[in-house]
2 protein chains.
Amino acid sequence: MSYIPAELIKKKKLGGCHSREELNWLISAFTRGEFTDYQMAAWAMAVWFNGLTDDETTALTNSMLHSGSRFDFSFLNAPRVDKHSTGGVGDKTSLLVGPLLAAAKIYTPMISGRGLGHTGGTLDKLESIPGFRVNLSRKEFQSHVTHHYFAVMGQTADICPADKKLYSLRDVTSTVDSLPLICASIMSKKLAEDLTGLVLDVKFGSGAFMRSIADARKLARTLKAIGEKSGVRVAALLTNMNEPLGRFAGNAAEVLECYEILQGKTFAVGGRDLYAPTRDLSLELSAHALLLSGRVNDLVHARNQIRELLASGAALRAFENLLEHQGPSDISRLPTAKFSKELTATRSGFVSAMQTEAIGLALIELGAGRKTTADHIDPTAGIEMFVRTGDAVSAGAPLCRFFANSAAEFVTVEQLLARALEIGETPPKQIPLVAEVLADSP
Amino acid sequence: MSYIPAELIKKKKLGGCHSREELNWLISAFTRGEFTDYQMAAWAMAVWFNGLTDDETTALTNSMLHSGSRFDFSFLNAPRVDKHSTGGVGDKTSLLVGPLLAAAKIYTPMISGRGLGHTGGTLDKLESIPGFRVNLSRKEFQSHVTHHYFAVMGQTADICPADKKLYSLRDVTSTVDSLPLICASIMSKKLAEDLTGLVLDVKFGSGAFMRSIADARKLARTLKAIGEKSGVRVAALLTNMNEPLGRFAGNAAEVLECYEILQGKTFAVGGRDLYAPTRDLSLELSAHALLLSGRVNDLVHARNQIRELLASGAALRAFENLLEHQGPSDISRLPTAKFSKELTATRSGFVSAMQTEAIGLALIELGAGRKTTADHIDPTAGIEMFVRTGDAVSAGAPLCRFFANSAAEFVTVEQLLARALEIGETPPKQIPLVAEVLADSP
């Protein structure tokens with residue numbers, strides 16, 4: 001079956017609904033270059049205006065998935081569960097969820113991304129560990145997952161090539177911010193992992209792509225619908241990204257935070273453990289993943305089991321195993337920054353809000369992130385938060401510390417951070433870390 | 001000044017309004033290939049959804065105009081007036097308006113098009129005259145206009161190249177049917193003629209791009225606004241295209257009809273002159289053009305003067321002069337078709353409606369028009385109408401005759417025409433030939 005490109009564009013332009021056959025043809029013709037870049041650009045813009053139904057988005061996702069090769073883990077004859085986050089600042093839970101699930105003997109084939117824009121990427125974090133290798137071959141990845149339950153790799157050229165091509169085009173034609181196109185892009189890559197379950201960490205707030213919880217909920221529902229229509233069990237947690245998650249943001253520093261949490265350490269400041277948010281969210285995401293695997297029957301048991309895997313050191317051993325089989329890598333030689341500076345409160349009051357995207361942009365200035373995919377990263381660059389939203393502070397008290405191997409941008413960074421950490425007269429309304437759960441409905 | 005392409009696309013996508021500078025940059029960057037085809041396709045689709053204001057459309061028109069070279073007739077120190085039709089079936093008035101205006105000593109530099117789709121083109125009609133040349137150089141065209149008042153040529157590569165490039169792109173990305181893009185395309189080419197006045201013949205009905213008079217009015221208003229914002233006086237006539245205009249549709253046959261009208265002939269069938277619609281509309285368009293030139297003060301005087309130029313043979317002499325200076329061409333050797341067939345009424349009643357676009361498609365099947373720009377034309381192919389909408393007919397009476405140099409498609413054509421000419425119980429409501437005039441407002 002073949003279609004006339006302009007007729008498919010016209011159909012979406014007029015608000016029509018594509019059949020699965022049409023979307024299959026569209027994506028495969030696009031991959032072949034027969035549905036041209038300019039036709040795809042016009043179609044993507046029509047989608048931006050008229051949207052796609054869940055069925056269309058699912059068909060698009062599956063077409064993009066089948067534009068390349070996918071893993072096949074069916075021979076394991078066991079559940080495979082992954083976690084995907086929509087991105088945030090200091091969002092390091094993959095480094096804990098992976099080891100926790102491996103310790104629970106749940107297969108976790110994790111295809112991760114690099115940081116771009118104000119959000120970080122798991123691959124960059126792991127690469128700050130001397131010797132760690134993320135560029136696994138498909139065969140190595142499959143073997144690591146099979147033998148160690150957990151492995152991490154980047155997207156290769158043969159995984160969802162249509163998504164890669166479409167994403168570059170959307171980037172330069174102002175069609176990135178289309179909910180169904182975002183969902184198809186995320187889910188095609190996750191479906192390539194051949195999962196049976198997926199836990200989505202959908203962030204909302206000042207450091208998330210979705211500022212409002214309503215938008216995050218809409219995104220979560222669509223992602224969940226696509227996964228379920230494709231036969232994957234999906235749970236989605238709507239989580240608070242109105243401040244960086246935990247103590248550190250920055251590649252090597254986030255690895256350190258996770259390693260210390262796995263070792264059972266806490267980091268108490270003013271009677272509070274600044275590691276708590278990272279630990280709590282990782283435990284909760286892992287418990288939902290365990291529940292999706294079908295190995296436990298309810299969330300209470302899942303939480304208990306996951307907590308025990310952390311407390312017993314089983315998750316730490318799984319992480320050290322990862323460092324070995326994706327290395328050998330030496331976490332004792334995590335690089336540290338040459339320069340560091342503290343930011344202090346200019347007045348007394350309460351930390352009333354954080355412009356978390358601006359904190360992410362400050363991280364880019366420090367060298368911890370990228371403006372374009374070609375940018376080089378300084379693994380030592382980062383920010384350590386001393387306060388959380390709602391904390392009472394006195395004038396002159398330290399709010400955070402930032403550090404990097406070059407102090408060249410420290411003036412800019414200090415200005416960015418000073419504006420990003422808002423101090424007011426009264427404490428703000430507290431927002432829970434996990435605001436809402438869209439549970440799996442098997 | 002330079003812009004980020006994706007930011008310009010985003011602005012239109014979000015319903016924003018472009019500045020003249022932005023549109024100038026967009027079109028010149030597009031001509032240079034810096035604003036790419038896929039970016040233009042996305043932008044055109046955003047325009048399809050969000051439209052352009054009259055100011056934006058005018059700026060776009062002028063940017064396209066200045067993407068190439070335009071004529072400069074200011075040295076004539078006299079009015080230059082042209083007529084533009086939005087296209088129809090049997091729409092041959094240019095062949096009368098040009099000579100009438102030349103006889104009135106009004107400069108008429110006419111850049112015309114070829115037929116595409118169901119509508120005919122002036123260049124194809126003139127080329128059916130043995131020896132007639134439409135491929136004039138710019139210098140020849142300018143000289144002919146200067147010395148003979150009237151000349152006709154096709155669009156050359158250096159006239160509005162951005163329009164040419166954009167039109168091909170719109171054709172394959174389903175963005176042809178955007179009112180502001182249609183208007184900018186039409187008007188950029190007309191403004192290249194360096195006119196002081198323009199009469200628009202905006203068709204409505206079953207054979208027109210705009211089916212309803214409301215849509216035609218909207219198109220007319222926008223075209224008029226662009227012309228006036230660019231310093232050209234514009235009058236627009238909304239005219240009836242619910243049936244072919246006059247006796248013939250088809251290239252050589254339409255030339256014959258015009259030549260006979262210029263000779264003062266009539267073609268009476270059943271007490272009515274079948275040449276009347278062509279003659280009346282051409283006189284009316286010419287009278288409005290004369291009024292726009294400023295040489296007469298009111299439409300009554302303009303009509304009288306134009307009628308006199310037809311009656312006296314002055315317009316015939318201007319046409320014969322055109323045949324000479326764009327030839328030498330020999331109208332006595334107009335080609336005629338080898339095959340011909342009559343279509344008769346299958347029942348008695350009234351001609352209640354004509355599907356005029358379908359008649360245009362029948363003309364394409366006969367070889368009188370093109371499906372794609374590469375198609376070859378049979379100049380002899382055509383249709384002669386014996387009836388008009390509202391006529392009483394008896395079963396078996398001839399409705400029309402069709403002819404061509406090949407009878408290969410006669411079965412298809414007969415079926416198309418039989419469906420297109422509808423016969424009902426009662427006569428339909430009569431629609432005037434000129435339904436509305438949007439007069440020049442100097």
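Throughout this document, residue positions are counted from 1 along each chain, in the order its sequence is written. In the order they appear in the text, chains get letters beginning with A and ligands get numbers beginning with 1. Per-residue local features are limited, in this predicted model, to residues with pLDDT of at least 70; the limit for side-chain atom pairs, both in listing and counting, is 80 or more; totals at the level of whole chains, interfaces and linings are taken over all residues. Calculation of side-chain values draws on the structure's entire complement of heavy atoms; hydrogens and water are dropped beforehand.

Topic: the state of the cysteines
All names here are of chain A. Criterion for a disulfide: a pair of cysteine sulfur atoms at a distance within 2.5 Å. The final tally for this structure, using the stated rule, is zero disulfides over all chains. In this model Cys17 remains outside any disulfide bridge; the closest cysteine sulfur is found in Cys183, 16 Å from its own. Of all cysteine sulfurs, the one in Cys183 lies closest to Cys160, which takes part in no disulfide; the gap is 14 Å. Burial classes follow relative accessibility: with a 1.4 Å probe on protein chains only, a residue under 20% of its type's maximum area counts as buried, one over 50% as exposed, and anything between as partly exposed. Taking the relative accessible area as the measure of exposure, Cys160 reaches 0% and is therefore buried.

As for the domain arrangement of chain A
Residues and elements named next belong to chain A. In this document the domain limits rely on a domain assignment from an automatic tool or a database. We note that the domain assignment places domain 1 (5-51), domain 2 (74-156 + 164-173 + 190-332 + 434-438) and domain 3 (335-424) within chain A. Using C-alpha coordinates to define each centre, domain 2 is positioned 24 Å away from domain 3. Residues are treated as being in contact if the distance between any of their heavy atoms lies within 4.5 Å. Between domain 2 and domain 3, the contact holds 29 residues from the first and 28 residues from the second. When domain 2 packs against domain 3, the two sides together hide about 2200 Å² of surface, and 54% of this comes from carbon and sulfur. The salt bridge definition used is simple: a Lys or Arg side-chain nitrogen within 4 Å of an Asp or Glu carboxyl oxygen. Counting every contact that joins domain 2 to domain 3 gives five salt bridges. The salt bridge partner of Arg211 is Glu357, with a shortest N-O separation of 2.0 Å. When two parts are put together, the accessible area they lose, computed with a 1.4 Å probe and summed over both, is reported as buried area.

Quick word on the packing of aromatic side chains
Residues and elements named next belong to chain A. Stacked, tilted and edge-to-face are the three classes applied to pairs of Phe, Tyr and Trp rings, where Trp contributes its six-membered ring and a pair requires centres within 6.5 Å; stacked means planes under 30 degrees apart, edge-to-face means over 60, and tilted covers the rest. As enumerated under the stated definition, the model contains 23 aromatic pairs over all chains in all. Both rings, one in Phe248 and one in Phe403, keep their centres 6.4 Å apart while their planes meet at 80°; by these two values the pair is edge-to-face. Taken together, the residues Phe248 in strand β6 (residues 248-249) and Phe403 in strand β13 (residues 398-404) connect sequence positions 155 residues apart. Both residues of the pair, Phe248 and Phe403, count as buried. Secondary structure elements are taken from DSSP: a helix is a run of H or I of four residues or more, a strand is a run of E of two residues or more, and numbering for both begins at the N terminus.

A word on the packing of helix α9 (residues 179-191) of chain B against helix α10 (residues 213-229) of chain B
Residues and elements named next belong to chain B. All axes here are fitted lines through C-alpha atoms, helices being fitted over the stretch that makes contact, and every angle between N-to-C directions spans 0 to 180 degrees. One can describe the packing of α9 onto α10 by two numbers: an axis separation of 10 Å at closest approach and a directional angle of 50°. By the angle between their axes, α9 is oblique relative to α10. Judged by the twist between their axes, the crossing of α9 over α10 is right-handed. From α9, Leu179, Ile182, Cys183, Ala184, Ile186 and Met187 reach across to α10, where they touch Lys218, Leu219, Thr222, Leu223, Ile226 and Gly227. For this classification, the nonpolar set comprises Ala, Val, Leu, Ile, Met, Phe, Trp, Tyr, Cys and Pro, the charged set comprises Asp, Glu, Lys and Arg, and every other residue, Gly included, is treated as polar. Looking at the contact of α9 with α10 residue by residue, the classes come out as nine nonpolar, two polar and one charged. For classification, angles of less than 35 degrees are called roughly parallel, those exceeding 145 degrees roughly antiparallel, those between 65 and 115 degrees roughly perpendicular, and all remaining angles oblique. For any pair of crossing helices, the crossing counts as left-handed if the nearer helix is rotated counterclockwise from the farther one by less than a right angle, and right-handed if it is rotated clockwise.

Focus on the interface of chain B and chain A
Tallying the contact residues gives 21 residues for chain B and 21 residues for chain A. Regarding the contact of chain B and chain A, the summed buried area is about 1700 Å², with carbon and sulfur atoms giving 73% of it. Of all residues in chain B, the largest losses of buried area upon contact with chain A belong to Lys13, Tyr38 and Phe49 of chain B, amounting jointly to 36% of the total for that side. Sorting the residues of the side of chain B that touches chain A by element identifies α1 (5-13), α3 (37-50) and α8 (161-172) of chain B as the ones contributing at least two each. Per element, the largest residue contribution to the side of chain B that touches chain A is 10 residues, and it comes from α3 of chain B. For the side of chain B that touches chain A, the residue count by class is 12 nonpolar, four polar and five charged.

Here we look at the environment of Gly117 of chain B
Residues and elements named next belong to chain B. Within the secondary structure, Gly117 is located in the loop between β2 (108-112) and α6 (122-127). Accessibility expressed as a relative area gives 30% for Gly117, which makes it partly exposed. Expressed as a C-alpha distance, the spacing of Gly117 and Leu8, which sit 109 residues apart in the sequence, is 33 Å. With residues up to four places along the chain from it excluded, the contact list for Gly117 reads Ile364 and Arg370.

Let's talk about the environment of Phe71 of chain A
Structurally, Phe71 of chain A can be placed in the loop between α4 (54-65) and β1 (81-85). Beyond its immediate sequence surroundings of up to four residues, Phe71 of chain A is in contact with Ile111, Arg138, Phe141, Gln142, Met153, Ile159, Ala192, Glu193 and Asp194 of chain A.

Observations concerning the side chain of Asp201 of chain A
All names here are of chain A. Its location among the elements puts Asp201 in strand β4 (residues 197-204). For Asp201, a relative accessible area of 0% translates into the label buried. Counted as a polar contact is a pair of N or O atoms within 3.5 Å, where, for protein atoms, one must be capable of donating a hydrogen and the other of accepting one, and residues adjacent in sequence contribute only when both atoms are in side chains. For Asp201, the side chain forms a polar contact with the side chain of Lys203, separated by 2.8 Å. Residues contacting Asp201, with those up to four places away along its chain left out, are Lys83, His84, Ser85, Thr86, Asp91, Leu237, Thr239, Leu281 and Leu285.

Quick look at the relation of the copies chain B and chain A
Put simply, the second copy of the chain is the first one after a rotation about an axis and a shift along it. Alignment of copies: least-squares fit on C-alpha atoms of residues with pLDDT of at least 70 in both copies. Of the two same-sequence chains, chain B is brought onto chain A (RMSD 0.1 Å, axial shift 0.0 Å) by a rotation of 180°. These values place the two chain copies in the arrangement generated by a two-fold rotation axis. The position closest to the rotation axis in chain B is occupied by the C-alpha of Tyr38 of chain B, lying 1.8 Å away. When you check the interface residues of chain B against chain A, 100% turn up at the interface there too, and the contact is symmetric in its surfaces.

Looking at the nonpolar core
Counting 120 residues, the largest nonpolar core has Ile129, Phe141, Ile383 and Leu417 of chain B as the members making the most contacts within it. Each of domain 2 (74-156 + 164-173 + 190-332 + 434-438) and domain 3 (335-424) of chain B contributes no fewer than three residues to this core. Beyond its immediate stretch of four places on either side in the chain, Ile383 of chain B contacts Arg247, Phe248, Ala249, Ile359, Leu363, Leu366, Cys400, Arg401, Phe402, Phe403 and Leu417 of chain B. By nonpolar core is meant a set of buried Ala, Val, Leu, Ile, Met, Phe, Trp, Tyr and Cys residues that side-chain atoms within 4.5 Å join together. Among the nonpolar cores identified, the runner-up in size contains 83 residues, and Val255, Leu363, Val393 and Leu416 of chain A belong to it.

Brief notes about helix α4 (residues 54-65) of chain B
Residue and element names in this part refer to chain B. For α4, which comprises 12 residues, the first-to-last C-alpha distance of 16 Å matches the rise-based estimate of 16 Å (1.5 Å per residue) to within 8%. Most of α4 is tucked away: nine of the 12 residues are buried. Among all positions in α4, only Glu56, Thr57, Thr58, Ala59, Leu60, Thr61, Ser63, Met64 and Leu65 are buried. Looking at the buried side of α4, the elements it contacts are α1, α2 (20-32), α3, α8, α9 and α10. For a helix, the expected span equals 1.5 Å multiplied by the number of residues minus one.

A word on the pattern of salt bridges
Opposite charge on two side chains permits pairing when their charged atoms draw close. Residue and element names in this part refer to chain B. All chains considered together, the criterion is met by 64 salt bridges over all chains. Here Lys224 makes a salt bridge to Glu228, at a shortest N to O gap of 3.0 Å. You can see Lys224 and its partner Glu228 sitting in helix α10, four residues apart, about one turn around the helix. Given a relative accessible area of 30%, Glu228 falls into the partly exposed group.

Comments concerning the pairing of strand β10 (residues 349-354) of chain A
Residue and element names in this part refer to chain A. Pairing of β10 with strand β12 (residues 392-393) involves two bridges; the strand directions are antiparallel. Note that in β12 the partner of Gly349 across the bridge is Val393. Pairing geometry for β10 and strand β14 (residues 421-424), over four bridges, is antiparallel. Bridge assignment links Met354 to a residue of β14, and that residue is Leu421. At least two DSSP bridges between two strands are needed for those strands to be called paired.

Section: the sheet that holds strand β10 (residues 349-354) of chain B
Residue and element names in this part refer to chain B. With antiparallel pairing, the three strands of this open sheet are ordered in space as β12-β10-β14. Single-partner strands in this sheet number two, and they are β12 (392-393) and β14 (421-424). Its contacts with the sheet place helix α16 (residues 410-420) against β10 and β14, and it is angled at close to 40° to β14.

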